[in-house]
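Architecture and fold: a report
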Amino acid sequence: MRHLFLSKEWRLYVILVISILAIGIATMLFGKTSISLSELLLIFKGDEASPIVEQIVMQLRLPRYIIAVLAGSMLGLAGVILQSITKNPLVEPSIIGVTSGCVLAAILAITIAPSFLTTSSVLPVFACVGGLIVTLLVFYMSNKAGNGGVHIALIGVLISSILQAATSFILLTRQEAMGSVLLWIIGSLNGRVWIHVYIILPFAFIGITLGLLSASLTNGLRLGDTQASLLGLSVTKTRLLLLGLSAVLTAGAVSVVGAIGFIGLIGPHLAKRFVGEDARKSFPLSILISALILSGSDFVAQNLIVALPIPSFNQEPQLPAGAITALLGAPFFLYVLHKHVVKRGI
Amino acid sequence: MVNKRIYKSIYVGTPLFLLIIYIFILSLQLGEPRLDLVTLGQVLTNQFELEIHRISVWEIRMPRSIMAIMAGVMLALAGHVLQETFQNDLATPELISVTAGSSFVMAFITVFGLPVLFIVQPFLALTGGLIAGGFVIGSAKNSFKRGSIILLGTAVSAFLNALIIIIIALGKENQIGLLFFYLAGSLSARNWSHVFNLLPWFIIFVPLALGSARSLNVLRLGDEAAVGRGASVIKMKILLLVISAGLTAVVVANCGPIGFISLITPHLTKRLLRTTNSALGLPITALLGGFLLLTGDLLMRTLLYPIELPVGLLTTIIGGSLFLTLLYRRSVRT
Amino acid sequence: MGLEKILTKELSFSYGNRDILTDINAVIKEGEITVLLGVNGSGKSTLLKTISRLLPAKKGSIYLDGQDITNESNRNIAKKMAMLSQINETLDMTVYELVEQGRFPHAGALKMLRKQDHQAIHNALERTSLLHLQHHYLNELSGGERQRAWLALALAQETEVLLLDEPTTFMDVHHQINILNLITSLNREEGKTIVMVLHDINQALAYADRAIVLKDGRIYNSGPPLKIITPEMLLEVFQIKANIITDPDSHHTVYVPYSVI
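Residues numbered from 1 in each chain as written. Chains lettered and ligands numbered in written order. Predicted model: local features only at pLDDT ≥ 70, side-chain atom pairs only at ≥ 80, totals over all residues. Heavy atoms only, no water.

Describing the overall build of chain B
Going by this rule: Numbered from the N terminus, helices here are DSSP runs of H or I no shorter than four residues, and strands are runs of E no shorter than two. In this description the radius of gyration comes from C-alpha coordinates, and the expected globular size is given by 2.2 Å times residues to the power 0.38. Think of it in three bands: residues with accessible area under 20% of the maximum for their type are buried, residues over 50% are exposed, and the middle band is partly exposed, with areas taken using a 1.4 Å probe on protein chains only. All accessible-area figures derive from a Shrake-Rupley calculation using a 1.4 Å probe, and residue coverage is judged against the displayed protein chains alone. All tallies of charge rest on Lys and Arg as positive and Asp and Glu as negative; His and the ends of each chain are not included. Each charge is placed at NZ for Lys, CZ for Arg, CG for Asp and CD for Glu.
When its secondary structure is counted, chain B shows 14 helices and zero strands. In chain B, the succession of helices and strands from N to C terminus is α-α-α-α-α-α-α-α-α-α-α-α-α-α. The C-alpha radius of gyration computed for chain B amounts to 20 Å, which stays within 12% of the reference 20 Å derived for 334 residues, consistent with globular compactness. Dimensions of chain B, computed from the C-alpha atoms along their principal axes, are close to 65 × 55 × 40 Å. Burial statistics for chain B: of 334 residues in total, 62% are counted as buried. Carbon together with sulfur atoms contributes 69% to the accessible area of chain B, which is approximately 12800 Å² in total. Mean positive and mean negative side-chain charge positions of chain B (24 and 13 charges, respectively) differ by 15 Å.

Here is the structure:
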């Protein structure tokens, strides 16, 4: 039996990795300029290709794709961690307001701090502070109110809309351009280049590594507080550590791709459906599924206009990937809510 | 003793009414150019010296402030009616997605430049709002608890807002003003034509909302006891939903989805009057809504001058925080 | 005896496929107190709710004063019959506001309350001895006072018929007797026709003019309680062994259960 389970899991990993790579190749090939497969091969072999094509692939599409994969993974991991701590399938960084907290903090930092700070990996540190504050606030308020399941999402949703309004407030006072507004309000990968890869990379590396290592701690928490502390697990400390970790993951992703929502909802749910509650299996699976969803959403966002050449449309559209994830995620949220509410009668 | 309660709403209502008049006059004075009372008096009696004074008072500030009062009254009433209809203080037009539905329809019409008459637009907005609201209420039917519905509404609104963003990003009129107009709601550049577009709806729906007090009071008994008193509960609820959506849709069509007025105002009324009796509460809610939106808009257009921010952001930040505090305090207490 | 106030003909009700009431032919006589008896799930509350039209009949019809009211509007029915369900929640309203809702069928959704409406509210409050409490909130009242407030709501409807679903539940004996005496005086002094569901068979013996006994959604028997509440009926319907005895002091007849079968 055990052998069978492993093979099922690994089969899923392999399928997902192949799909993510396939999206990657598609991202390189399609867009406003189509590139042939042979040209792409030339570029990767280091052979001579037309400089414009090389520029498009290496400087625009590749970094953007890498960011989509990394940010998706981070948000998916943050989501599955939050869900495991709260045992609540409705909880996800954007729903409980952590994403909005990160965005607001990042925007404040960009407004106040000198610019060299905000184009480096320091920006996510600011975002982290915002994310942590909101995480603690939401958990404090919902614990105090002690109404469990729906309550934490309720408080999060309210906090989220307040913080979003504040973000819009600052963006408008700064008279930002459309692209930047879309990035921070709904999340977007437009105009993300190598520098952004460098910003997100350390956070992705550290966050994902720690997250995967913490899977067994999370499994300990699943036993329930009493049993977990009998096993020598410091429950409160572990929980805080995991909350902090999810805030760090969210902040790192959000600093670069903005307030992309609902990503951390679908991945964990599907993962748990495939492999069950064991965090050692559901964590990596959630990472892969979420990476696939975000890179896929961005691919759709980039190519939807090309596929639908309606004359009245804008020539240089900046369709944000966050809008696509919201279109996928919101109905999914409805579905989980329905299932959750029916099952537990909350 | 009954009279004592009515006096209470008069005690609260009268100063509120005077306050609205005061802020209204202030809103005609403030801005660039700033007018003193004498100059304002001259402008209002058509004895002005500078054309710019006439234009800024008559053409710009007055329609905008009238718009703010009307929209505030309508949104607040829409919230009060819906909250009492479903006996759920989280059931407001914005949280059950009526607002997002209307906003989506309007964004669609505007961005794709559909040939729809200005006067017809609110009807389409109403249709959109009713479909979205009906969907949320319909799917919440089995679990119409306080919290679940707001989350259902959030999901539906998030979906519709994503569509709005896509539409605006796709469209030719690629401008931020439009984005914030349909996501946050704003009163900037509202003129007399907007006022006249709003007016018939105001005249029809505001009296209907105020007149629904008896129906709302009988619904407070709970569905079964209300039927026992001869109320056709389902018909009444549908009618009240339509009244609320009608109030909301026309405001959204003309000013965008200005947030949290409909959520917070009925709460403030109940706290001020210490009663949930709608007959006493509805008029106060109406005045309070007008006052809040007028004041909010005045602040947003004067504080950061020359930058003007959508008033919907302010109402969301202040109203949202206030509401969160109320919700939190109450859930800690019980 | 009195005329037939309410008649049901072949009245049936079901939840989904589960039949709750089957072919009920019940007679409620004018100016009488009729008590519905039966074990839990026998359909007595459902019968009351179907008569009051809170629940839609599956088939059959209901007659009030000889008129078929099966498809009558809620509002017209509420002018003739006042229904009081079991109450266990407290509302955030004052006694006066609660009783005021009893005027809904008369004043409607839009009209202001007229003089006669205020008079009716006053009378209802007076009748239930709640005048001094009229501006108190319901949650400030005791259980007995709250029950009287709901009864006042039904009285303010000024109907000839009162339908009461277990008006004495959740009350201590003192308040039970108090409310039953009030109901009796409404019947004796104002001639109101009263139909109520009671759990306590002794109270039925003491207060009812007529009893209708339900078993498995059908009428088992009906008639004056002293005639139909017999050891055989108690055995068959309630599955208890009991004696019926008369108290020599009060001349009240009571049943004394001694074993369950």
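After presenting the structure, the write-up continues.
Considering the interface of chain A and chain B
Note: interface size is frequently given as the accessible area lost on complex formation between the parts. Stated formally: Should any heavy atoms of two residues lie within 4.5 Å, those residues are considered in contact. In this description, buried area is defined as the sum, over both parts, of the accessible area (probe of 1.4 Å) that is lost when the two are combined. A side-chain nitrogen of Lys or Arg and a carboxyl oxygen of Asp or Glu constitute a salt bridge if their distance falls within 4 Å. Any N or O atom pair separated by 3.5 Å or less is treated as a polar contact, with the protein-specific requirement of one donor-capable and one acceptor-capable atom, and with residues adjacent in sequence counted only for side-chain atom pairs. Each residue is assigned to one class: nonpolar for Ala, Val, Leu, Ile, Met, Phe, Trp, Tyr, Cys and Pro, charged for Asp, Glu, Lys and Arg, and polar for all the others, Gly among them.
Across the boundary between the two partners, chain A contributes 49 residues, which contact 46 residues of chain B. Between chain A and chain B, the buried area comes to about 4200 Å², and carbon and sulfur atoms account for 84% of it. Viewed at the interface, chain B and chain A are joined by zero salt bridges. Linking chain A with chain B are zero residue pairs in polar contact (both at pLDDT 80 or more), by the criterion used here. Here the side of chain A that touches chain B gets 16 residues from one element, more than from any other, and that element is helix 7 (residues 149–173) of chain A. Each residue belonging to the side of chain A that touches chain B can be placed in one class, and the counts come to 39 nonpolar, eight polar and two charged.

Let's talk about a positive patch on the surface
Residues and elements named next belong to chain B. Rule in force here: Candidate patch residues must exceed 30% relative accessible area and have no salt bridge, after which like charges are joined if within 9 Å and Val, Leu, Ile, Met, Phe, Trp or Tyr side chains if within 5 Å.
A cluster of basic residues, Lys8, Arg271, Arg274 and Arg329, forms a positive patch on the protein surface. Mapped onto the elements, arginine 271 comes out in helix 12 (residues 261–273). Since its relative accessible area comes to 48%, arginine 271 is described here as partly exposed.

A word on the interface of chain B and chain C
Listed per partner, the contact involves 23 residues of chain B and 33 residues of chain C. At the junction of chain B and chain C, the tally comes to two salt bridges. Of all the secondary-structure elements, those providing two or more residues to the side of chain B that touches chain C are helix 1 (2–29), helix 9 (213–219) and helix 10 (223–228) of chain B. Residues belonging to the side of chain B that touches chain C are distributed by class as follows: eight nonpolar, nine polar and six charged.

Notes on the sheet that holds strand 7 (residues 81–84) of chain C
Residues and elements named next belong to chain C. To keep things clear, this is the line we draw: If DSSP finds at least two bridges between two strands, the strands pair. Orientation is described by axes fitted as lines to C-alpha atoms, over the contacting stretch for helices, and by angles from 0 to 180 degrees between their N-to-C directions.
Spatially, 7-8-9-4-10-11 is the arrangement adopted by the six strands of the open sheet, whose pairing is mixed. The open sheet terminates on both sides in strands that have one partner only, identified here as strand 7 and strand 11 (218–223). Across this sheet, the average inter-strand angle for adjacent strands is 15°, counted without regard to direction. With four bridges connecting them, strand 4 (residues 33–37) and strand 9 (residues 193–197) associate as parallel partners. Residue pairing across strands places isoleucine 33 opposite isoleucine 194, the latter belonging to strand 9. Running at roughly 145° to strand 8 (residues 161–165), helix 1 (residues 44–51) makes contact with strand 4, strand 7, strand 8, strand 9 and strand 10 (210–215) of the sheet.

Some thoughts on helix 9 (residues 194–213) of chain A
All names here are of chain A. For the record, the criterion: Every helix has an expected span of 1.5 Å times one less than the residues it contains. Bend at a residue means the angle formed by two fitted axes: the first through the 7 residues ending at that position, the second through the 7 residues beginning there.
Under the 1.5 Å per step criterion, the end-to-end length of helix 9 is 28 Å for 20 residues, consistent within 8% with the ideal 28 Å. The sharpest bend along helix 9 measures roughly 35° and falls at isoleucine 200, with the proline proline 202 sitting one to four residues further on. All of the buried residues along helix 9 are His196, Val197, Ile199, Ile200, Phe203, Ala204, Gly207, Ile208 and Gly211.

Topic: the pairing of strand 1 (residues 4–15) of chain C
Residues and elements named next belong to chain C. Pairing of strand 1 with strand 3 (residues 27–29) involves three bridges; the strand directions are antiparallel. Its bridge partner being in strand 3, glutamate 4 is matched across the sheet by lysine 29. In the sheet, strand 1 pairs with strand 5 (residues 59–64) via five bridges, with the strands oriented antiparallel. Bridge pairing links leucine 7 to tyrosine 63 in strand 5. Both strand 1 and strand 2 (residues 18–24) contribute to a ladder of four bridges, which runs antiparallel. Paired with serine 14 across the bridge in strand 2 is aspartate 19. Count of turn residues in the strand 1/strand 2 antiparallel hairpin: two residues, of which glycine 16 carries a positive phi of about 60°.

Without other data, these values stay purely geometric and don't point to any function.
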